[in-house]
Amino acid sequence: MMEAGRHPNINLLAYSEVKSVKGKAGDFTVKVIKKARYVNETECTACGKCFEKCPKKVPNEFDMGHGMRKAIYLHFPQGIPAIATIDKDNCFYFSTGKCRVCEKFCEKKAIDFDQKDELITLRSGAIVVATGFDVYDPTHLTQYGYGKYKNVITALEYERLICAFGPKKGELKRPSDEKHAEVLGYIQCVGSRSLKDNRYCSSVCCMHATKEAMLAKEHDPKAKSYIFYTDFRAVGKGFQKYIKRGEEDYGIKYIRSRVAEITEDEEKNPIIWYEDTVSRSVKRKKVDLVVLATTLVPRKDAPALAKVLGIELDDCGFFNTDPFTPTDTTKKGIFVCGYCQGPLDIPESVAQASAAAERAADVILAGSLCSQER
Amino acid sequence: MQHPTNTRTIRVLCTGQVDPTYVLKALKNGADGVLVIGCRLGECHYINGNYQAREKIDMTKIMLEKAGISSKRVEMRFISSAEGNKYIEAVKEFTDTVKSVGPSPVRSKEKCESIKRILDALIAAASEFRLRAIVAKKKKMIEEGNVYNEKIPQEEIEKVIDNAVNTEFVRKLIVSCLKEKPQSCMDIADKIEVPSALVLSHLSYLRRKNIIDVDRVKERVPYYKII
Amino acid sequence: MNELRIGVFVCNCGTNIGGFIDVPAVAEYAKTLKGVVFAQTNLFSCSESGTTSIKEAIRENNLNRVVVAACTPLTHEPTFRAACMEEGLNQFLFEFVNIREHCSWVHMQQKELATEKAKELVRMGVARAAFLETGEMTDVDVIPSALVLGGGISGITAATALGGIGIKTILVEKEKKLGGILKDLYKLYPTGEDASKFLDKKIKSLMKFKNVEIITSTEIKTIEGYIGNYTVTVKKGEKEKEYKVGSIVLATGAVSYEPDKSKGKDFFNFDGKKIISQFQLENKLKKGAIKEKNIVMILCAGSRTPERIYCSRICCMTSIKNALLIKKANKDTEVTIVYRDLQTYGTDYEEELRKSKQAGIRFIRYNEVKPPTVDTKKKSVMVYHELLGRDIELPYDLVVLATPLVSHADVENISQKLKVPVDEHGFFLEAHVKLRPLEFATDGIFLCGCAHWPADITESISQALGAASKAAIPLLMGKVTVEPIISYVDEDKCSGCGICEENCPYGAIKKDPEKKKATVTAVICKGCGICATNCPEQAISIKHYKPEQVFAQLEAAFKEE
């Protein structure tokens, strides 16, 4: 992130949205709305005074609501660019006309309540789309009890809980009673590989569940992890070795199964009812915390963006590409990489990002000679 | 990932640059043990630095044993950067090993002087051309052979290294004794606990190399000094 | 030398460090150290406000050394070096002390001891900082052409991409024809396209580029040089030719594991006739319809076993694709797939799996503890069925073994010529498994396709385009910048013994025949220091990791207070 932020050839427009794209490969005109932060970007040093003093607390989106942030805030601490933003919807001044505490305490006089959204026009030869994914909301999958039972969380929430800089300061405390979670159940394919929800496989969850279980053990040697999986997918470089390490060195138990339902006992311990698909018998397991590996889905705004860009989506809702031109969208000069075009892990996304960069460079450097036949 | 707080890390780009003198200096400065950690064998990010380091660490361990210092104080492990747990394990195990050997004699009042002299002699020996050259050539001599294209069996070359370590170490000890004051062969032999005949042969070598000379002869016993 | 003016910045890293270490105490302690004229704490040293305050401190206190005690150099060394440079301070006068990964995170329950340790780590850093020397980045010119090694789909794609952006490219293939594994395949998943038609199309679009020279039946004889300046000697029969290139894309691929017929007894009774490999099946399909009526495919044949622990990634999909093709050609043919885990990851492959189940292909899972056996007398595959608790018998006319992709026999040879590492399975080892999948630790050489790890065509194409993009960067920039953290020879001490040259894994240090002294080619040297530890005269040291710098740290580490 820092590298991109520092590169002299990269002009970073954060907190901005593409409004329209006109033109063709080699010559696009892009209109971008740069949203008002109500903070002067060149003055703000992200010293943190304003968020310390701001009286309004709201649930922190970055921590999946497991912590609080202020109405003036940084999206996350190491974010680039490090500039505070006022969340207009929650700011007292914008709703009641009174407060301006942040303004009073800002030594750099960077607060600017009069700032307006800015419309920027860019010209570019090629466009790379790398908008990533959303996490599937598993609330309607009532069998898992997400939203009903406090101790059933999603994998991304777990990542925030166990993060040393997260809302629990890296201690794996479960939401219901702040008790240290020692017995953990990870449920795979939540909302995926199912015709009712998302028919595809998210491709990264088997590995991240293993990583999360390892982290649990590293945080607390008493931690015991059970991973309830459908098929164990560890196809990347070194992945099988990683799984083996998980089993042998971290004592992770992998259970081939189909989870039918989660219930809760009086102490709010989730009970996982599952069919062991090896022995075809119904079993149950009481745990302290359940981590759901929910599907990674196309972003909610993907259809809107597709419309703006004039590109197509595939039947799963990802930006459509041909299998053998994996970074080319349906429109010349517009390329994609990463999860927004379909499930990929980090190294694959990194490799594909370079690929998309190559395709974009091809348009710009080869000019009208646009080379590879697609 | 929690582990004891007793480690101090020195960053090097590759274990290939860990010189035996670094390890010995650490011990001389009072470290109870030195743990050298490189990539897993076969996965060196600098191609073969960890294999190279292993040769050097093996030699360092031989040196310590010769000097009566437990070689358990030095260890090399091969752990990938993704294996945090193995690192922790290694640190814990090594801490236990070193604890079983006991605190560094450098920090004990009685032994401090003599042990520092021994370590200085080892550092000097590890800086010696012949010893460094043999260790550096070891792999090539086993795999490709010497200048006469004779492949040297591993045991043989290890014997050569063993001998060279011994020789260089004793010579450096003698030199360090003589640095204090001129002494006779018997004095030196007593002090460094090496048979006098052996000391004598080293003395004549050192004299030939113009490192020492006879200071005076008292009651037909020659006393040597550093030149 | 000017008076030492060291500034120490101790980072809280939010609460990552501050929560477990008494950061103000560490900063206070730093002030007492020799040479330190300024010390402060930062909430996030790496943030823009953090670096701004570091820069201010450099300016106001006239600092000539900067020590930041924070996280790992991996993430933020460039940040702080940049901050130093912006204030006119040479970046090599900056020292990074890690008190997060090395201290706060690993001693969370021992605040006092961790604080003491942090102080000592800072003391060591300050001691080292005192001995730091300035260094300069140097620019080296590059030859603006590229070599692509291997003419499979990855190599073809990379060469086409490079050619397309106007880079003179040489594509070297050791076989007579381009295509690699693709030559022998029947149809491709998930599109069902004919492999040979697809390949023809790809080769045609490559041929359009006059700036790409394709040389087949050719092997690499030697590769000398470094990023921006490689000399490659190739050999075609008896003829040799020399090329000069600036960067190299390694796309040498992999091969399908073909079991030894004579040892078939130990490998599902493989005979190459009735018990064949998936790769052989491709050929068989290419030649015409399959006549066998009962086909059993055994997955993970020779992979995910103790001797070859990895999953070869593509075999599940290859098997499903072929099973579907067989079923489509004749729906009465019985196809059974005996598997361990089905790796139909992503969107398209999961759909193929669903189709194959609808088409009536039978799937039976086996446990690696009791792998299936092939009984040639009964002409049955015996699979232990976990639910029934006994073997079930699957009669066959043809058994297809999904064998893994394995590395080429000559990987070792390529690895030595290019001086790049391979892993335990003979796949090339990238610079960083997550963040630099297409690069090597050696600059100027890039990696894609199955030489890196089994990959399907989609993935190989992505990687090949990516590697081409990476390889093009130095060529288009016209120069490479070299860090000064490299070997340095003290010619007065050097006796010209040549031991350094023998041991250098990169060929960066050589004995100059005239001077009879070792000389270092800066742009090749990686600073591993092997030459230094092997030098009998101790005439070689690594800049920025010189013995006196290390010794200063060692002394500070064990100083009695």
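Just so you know, these numbers come straight off a predicted model, no measurement behind them.

Q: Just to check I follow, could you spell out the overall build of chain A for this structure?
A: Per the secondary structure count, chain A includes 9 helices and 18 strands. Computed over the C-alpha atoms, the radius of gyration of chain A is 23 Å, within 12% of the 21 Å expected from 2.2 N^0.38 for a compact globule of 374 residues. Its C-alpha atoms put chain A at 60 × 60 × 35 Å along the principal axes. Counting all 374 residues of chain A, 52% fall into the buried class. Counting only contacts in chain A whose residues sit at least 6 apart along the sequence, the fraction spanning at least 24 positions is 59%. Put simply, chain A shows about 17400 Å² of open surface, and 52% of that area lies on carbon and sulfur atoms. On chain A, the mean spot of the 58 positive side-chain charges and the mean spot of the 51 negative ones are 2 Å from each other.

Q: Help me understand the overall build of chain B, please; the structure alone is not making it clear to me.
A: The helix and strand tally for chain B stands at 8 helices and 5 strands. Helices (α) and strands (β) of chain B occur, in sequence order from the N terminus, as α-β-α-β-α-α-α-α-β-α-α-β-β. Its C-alpha atoms give chain B principal-axis dimensions of roughly 70 × 50 × 25 Å. Carbon together with sulfur atoms contributes 50% to the accessible area of chain B, which is approximately 11300 Å² in total.

Q: Teacher, can you tell me more about the packing of aromatic side chains here?
A: Centre-to-centre distance and the angle between the planes together describe a pair of aromatic rings. A complete count under the given rule lists 27 aromatic pairs over all chains for this structure. On the numbers, 4.8 Å between centres and 50 degrees between planes, the contact of F324(A) with F198(C) is tilted. Here the residue F324(A) occupies a position in the loop between α8 (302–309) and β18 (334–336), and F198(C) occupies one in helix α7 (residues 195–207), the pair thus bridging two chains. Neither F324(A) nor F198(C) differs from the other in exposure class; each is buried. Both rings, one in F80(C) and one in F94(C), keep their centres 5.8 Å apart while their planes meet at 35 degrees; by these two values the pair is tilted. With F80(C) in helix α3 (residues 73–86) and F94(C) in strand β4 (residues 94–98), this residue pair connects regions lying 14 residues apart in the sequence. Among the aromatic residues, those joined into a ring-pair cluster are Y38(A), Y93(A), F94(A) and F113(A).

Q: Even after reading the chapter, I still don't get the domain arrangement of chain B, so can you show me in this structure?
A: Note on interface size: it is often stated as the accessible area lost on association of the parts. Residues and elements named next belong to chain B. Domains assigned within chain B are domain 1 (15–105) and domain 2 (112–226). Spacing between the C-alpha centres of domain 1 and domain 2 amounts to 25 Å. Between domain 1 and domain 2 lies a buried interface of about 1800 Å² when both sides are counted; carbon and sulfur atoms form 74% of it. When the area that domain 1 buries against domain 2 is broken down by residue, the three leading residues are K28, M63 and K66, summing to 33%. The tally of links from domain 1 across to domain 2 stands at 4 salt bridges.

Q: When you look at empty space enclosed by the protein in this model, what are you seeing that I'm missing?
A: A water-sized probe rolled over the atoms picks out the places where empty space is left. All names here are of chain A. All told, the structure shown has 8 cavities of 30 Å³ or more when counted by the stated rule. Taken as a whole, the largest cavity encloses approximately 120 Å³ of empty space. Around the largest cavity, the lining comprises 15 residues; the ones closest to its centre are C44, T45, C47, C50 and C106. Of the residues belonging to the lining of the largest cavity, the class tally is 10 nonpolar, 2 polar and 3 charged.

Q: Would you mind showing me how to read the pattern of salt bridges here?
A: For side chains of opposite charge, pairing can occur when their charged atoms come near one another. Within this structure, the stated rule accounts for 83 salt bridges over all chains. A salt bridge links K172(B) to E128(B); its shortest N-O distance comes to 2.6 Å. Here E128(B) lies in the loop between α4 (109–126) and α5 (129–143) and K172(B) lies in helix α6 (residues 154–180), a separation of 44 residues in the sequence. The exposure class of E128(B) is partly exposed, given its relative accessible area of 25%. The salt bridge involving E439(C) is made with R436(C); its shortest N-O contact spans 3.0 Å. Ionic contacts of the salt-bridge type, sharing partners, join the residues R193(A), D231(A), R233(A), R256(A), R304(C), D341(C) and E350(C) into one network.

Q: So what exactly am I meant to see when it comes to the environment of H408(C) here?
A: Residue and element names in this part refer to chain C. Along the polypeptide, H408 turns up in the loop between β22 (405–406) and α11 (411–418). The exposure class of H408 is buried, given its relative accessible area of 16%. Separated by 283 residues in the primary sequence, H408 and G125 have C-alpha atoms spaced 46 Å apart. Discounting residues that sit within four places of it in the chain, H408 has contacts with K174, T252, G253, A254 and V255. Within the structure, the side chain of H408 is placed 2.8 Å from the backbone oxygen of T252, a separation counted as a polar contact.

Q: Please clarify how the sheet that holds strand β6 (residues 145–149) of chain C should be interpreted in this entry.
A: Residues and elements named next belong to chain C. Taken in spatial order, the 5 strands line up as β8-β7-β6-β12-β23 in an open sheet, and their pairing is parallel. The open sheet has two free edges, formed respectively by β8 (212–215) and β23 (445–447), since each of these has just one partner strand. Each strand axis lies, on average, 20 degrees off the axis of its neighbour in the sheet, ignoring direction. Both strand β12 (residues 247–250) and β23 contribute to a ladder of 3 bridges, which runs parallel. From the neighbouring strand, I248 faces β23, where its bridge partner is I445. Strands β6, β12 and β23 of the sheet are contacted by α11, whose axis makes an angle of about 165 degrees with β12.

Q: I keep staring at the interface of chain C and chain A and nothing clicks. Help me out?
A: Taken residue by residue, the interface counts 77 residues in chain C and 59 residues in chain A. In this assembly, chain C packs against chain A so that about 5500 Å² is buried in total across both faces, 60% of it on carbon and sulfur atoms. In terms of surface lost to chain A, no three residues of chain C exceed I309(C), T347(C) and L465(C), which account for 10% of the buried area on that side. Seen at the junction of chain C and chain A, the total is 24 residue pairs in polar contact (both at pLDDT 80 or more). Among the elements of the structure, α2 (48–61), α3, α6 (153–164), α7, α10 (348–358) and α12 (457–477) of chain C are those that each provide at least two residues to the side of chain C that touches chain A. With 12 residues, the single largest contributor to the side of chain C that touches chain A is α12(C).

Q: I would appreciate a short explanation of the sheet that holds strand β19 (residues 380–385) of chain C in the present structure.
A: Residues and elements named next belong to chain C. As summarised here, the arrangement of the 3 strands in space is β18-β19-β20, forming an open sheet in which the pairing is antiparallel. For this open sheet the edge positions go to β18 (373–375) and β20 (390–395), each flanked by a neighbour on one side alone. Going from strand to strand, the sheet's axes swing by 35 degrees on average, the running direction of each strand aside. Summarising the sheet, β18 and β19 pair through 3 bridges and their orientation is antiparallel.

Q: Help me understand helix α9 (residues 346–366) of chain A, please; the structure alone is not making it clear to me.
A: Given 3.6 residues per turn, any residue in an α-helix points the same way as the ones three and four places further on. The first and last C-alpha atoms of α9(A) sit 29 Å apart over 21 residues, in line with the 30 Å expected at 1.5 Å per residue. Near the N-terminus of α9(A), the side chain that reaches the backbone nitrogen of E348(A), with its oxygen 3.1 Å away, is that of D345(A).

Q: Teacher, can you tell me more about the pairing of strand β12 (residues 224–229) of chain A here?
A: Every regular strand shows the same layout, with side chains that alternate between the two sheet faces. Residue and element names in this part refer to chain A. Counting buried residues along β12, 5 of its 6 residues qualify, which places the element largely inside the surrounding structure. Bridge count between strand β11 (residues 183–190) and β12: 5 bridges; the pairing is parallel. For Y186, the partnering residue across the bridge sits in β12 and is I227. Between the parallel pair β11 and β12, the chain is carried across by helix α6 (residues 205–219), and the sense of this crossover is right-handed. As paired strands, β12 and strand β13 (residues 253–264) are joined by 4 bridges and run parallel to one another.

Rules of the game
Residues numbered from 1 in each chain as written. Chains lettered and ligands numbered in written order. Predicted model: local features only at pLDDT ≥ 70, side-chain atom pairs only at ≥ 80, totals over all residues. Heavy atoms only, no water. Helix = DSSP H or I, 4+ residues; strand = E, 2+ residues; numbered from the N terminus. Rg over C-alpha atoms; globule rule 2.2 N^0.38 Å. Buried < 20%, exposed > 50% of the residue type's maximum accessible area, 1.4 Å probe, protein only. Contact = heavy atoms within 4.5 Å. Areas by Shrake-Rupley, 256 points an atom, 1.4 Å probe, with all protein chains shown as cover. Lys, Arg positive; Asp, Glu negative; His and termini not counted. Charge placed at Lys NZ, Arg CZ, Asp CG, Glu CD. Phe/Tyr/Trp six-rings, centres within 6.5 Å; stacked < 30°, edge-to-face > 60°. Domains from an automatic or database assignment. Buried area = accessible area lost by both parts, 1.4 Å probe. Salt bridge = Lys/Arg side-chain N within 4 Å of Asp/Glu carboxyl O. 1 Å grid on protein atoms, 1.4 Å probe; cavity = no way out; pocket = protein on both sides within 12 Å on 5 of 7 lines; lining within 4 Å. Points joined across faces, edges and corners; volume = space filled by probe spheres on them. Nonpolar A, V, L, I, M, F, W, Y, C, P; charged D, E, K, R; others polar. Polar contact = N/O pair within 3.5 Å; in protein donor to acceptor, adjacent residues only side chain to side chain. Pairing = 2+ DSSP bridges. Axes fitted to C-alpha atoms, helices over the stretch in contact; angles between N-to-C directions. Expected span 1.5 Å × (residues − 1). Right-handed = clockwise from strand over helix to strand, strands pointing away.

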